[in-house]
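Structural overview
What follows is the residue order along each chain.
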Amino acid sequence: MKVDLKKTLFILPNLFTLSSVLCGYYAILILSDQPTNDDFYRSALLIVFALFFDGIDGRVARLTKTQTAIGVQLDSLADVISFGVAPAILVYYWSLAELGTAGMLIGFVFVASGAIRLARFNVAATGDDGRPHAPGKYTQGLPIPAAAGILISIVVANTLTGKLPFSPFLISVLVITLSVFMVSAMPFRSFKD
């Protein structure tokens, strides 16, 4: 049986994308049963690993010239899980749960804003023929991995240094601000070139 190396290269970037999903999924599972400070830290580190895999998948696709429309869509779905749902649940249990239903809604605003931003990105990144465009230097709205990175860095800093003076109110303001930046028309450097 002869293996066509060119066809198998299409699997490689998608494996990195799915590794990102696995990290986001496991980060959520860690928080599912009365999480401790150690669980918050482990969950945040898994999201950091998801960021690593997310950074690699697009570069591998461009390097191997295996960019596909399905890869663009899969990457966005992965981003909603790993950088939308997982950080929102992490921040909810870490801080926003004290606000009750309001905290849950604030976490949802983050997830919804990230999903809207990714949908807008997919429309802009896909041509009329359904094929992905080469990425530009700037993108519209704050990328969801960057927003997630800001949130998890606060959780990690809090875990490593002890209790930082972040009240649920301050975290709420940060989450809403990041959400507004994601759906805004502001240009942000993409670093994909």
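What this report covers is the structure whose coordinates are included nearby. These numbers come from a predicted model, not from an experiment. (Residues numbered from 1 in each chain as written. Predicted model: local features only at pLDDT ≥ 70, side-chain atom pairs only at ≥ 80, totals over all residues. Heavy atoms only, no water.)

1. Section: the pattern of salt bridges
One pass over the full model with this rule turns up 1 salt bridge. Here Arg-42 and Asp-39 are joined by a salt bridge, their closest N and O atoms 3.1 Å apart. Here Arg-42 pairs with Asp-39, and both are found in helix α3 (residues 37-63), just 3 residues apart, close to one helical turn. Arg-42 gets classed as partly exposed once you look at its relative accessible area, which sits at 33%. (Salt bridge = Lys/Arg side-chain N within 4 Å of Asp/Glu carboxyl O. Helix = DSSP H or I, 4+ residues; strand = E, 2+ residues; numbered from the N terminus. Buried < 20%, exposed > 50% of the residue type's maximum accessible area, 1.4 Å probe, protein only.)

2. Examining the packing of aromatic side chains
Enumeration according to the criterion identifies 4 aromatic pairs in this entry. Between the aromatic rings of Phe-181 and Phe-188, the centroid separation amounts to 6.3 Å while the plane-to-plane angle is 65°, which identifies the pairing as edge-to-face. Overall, the relative accessible area of 31% leaves Phe-181 in the partly exposed class. Among the residues examined, Phe-188 registers a relative accessible area of 19% and is labelled buried. By way of ring pairs, the aromatic residues Phe-16, Phe-52 and Phe-53 are connected into one cluster. (Phe/Tyr/Trp six-rings, centres within 6.5 Å; stacked < 30°, edge-to-face > 60°.)

3. Overview of the environment of Thr-8
Here Thr-8 shows up in helix α1 (residues 5-9). Thr-8 sits in the partly exposed class, given a relative accessible area of 33%. Taking the C-alpha atoms as reference points, Thr-8 and Thr-66, separated by 58 residues in sequence, lie 9.8 Å from one another.

4. Section: helix α7 (residues 168-183)
Between the first and last C-alpha of α7 there are 23 Å, a value that for 16 residues agrees with the 22 Å anticipated at 1.5 Å per step. Looking only at α7, the buried set comprises Pro-168, Ile-171, Ser-172, Val-175, Leu-178, Ser-179 and Met-182. One side of α7 holds all its buried residues, which, seen down the axis, span an arc of 135°. Structurally, α7 contributes buried residues whose contacts are with α4 (69-94), α5 (101-125) and α6 (144-161). (Expected span 1.5 Å × (residues − 1). Arc of directions from axis to C-beta. Contact = heavy atoms within 4.5 Å.)

5. As for the nonpolar core
Membership of the largest hydrophobic core comes to 35 residues, with the highest contact counts inside it found for Ile-47, Leu-90, Val-91, Phe-110, Val-155, Ile-171 and Val-175. Listing elements by their share of this core, those giving two or more residues are α2 (11-30), α3, α4, α5, α6 and α7. No other element matches α6, which puts 8 residues into this core. What Phe-110 contacts, discounting residues up to four positions off in sequence, is Phe-83, Gly-84, Pro-87, Ala-88, Ala-147, Ala-148, Leu-151, Val-175, Leu-178, Ser-179 and Met-182. (Core = buried A, V, L, I, M, F, W, Y, C linked by side-chain atoms within 4.5 Å.)

6. Observations regarding α3
Compared with an ideal rise of 1.5 Å per residue, which puts 27 residues at 39 Å, α3 spans 39 Å between its outermost C-alpha atoms and is within 8% of the ideal. Of the residues trailing α3, Lys-65 is marked for its positive phi of about 55°.

7. Some details on the packing of α5 against α7
Packing of α5 against α7 leaves a shortest axis separation of 8 Å and a crossing angle of 15°. Judged by the inter-axis angle, α5 sits roughly parallel to α7. In terms of crossing hand, the pair formed by α5 and α7 is left-handed. Contacts between α5 and α7 pair Ile-106, Val-109, Phe-110, Ser-113, Gly-114, Ile-116, Arg-117 and Arg-120 from the former with Ser-172, Val-175, Ile-176, Leu-178, Ser-179, Met-182 and Val-183 from the latter. (Axes fitted to C-alpha atoms, helices over the stretch in contact; angles between N-to-C directions. Parallel < 35°, antiparallel > 145°, perpendicular 65-115°, else oblique. Left-handed = near helix turned anticlockwise from the far one by under 90°.)

8. What to know about the environment of Tyr-138
With respect to the secondary-structure elements, Tyr-138 resides in strand β1 (residues 138-140). Through-space distance from the C-alpha of Tyr-138 to that of Met-186 is 9.5 Å; in sequence the pair is 48 residues apart.

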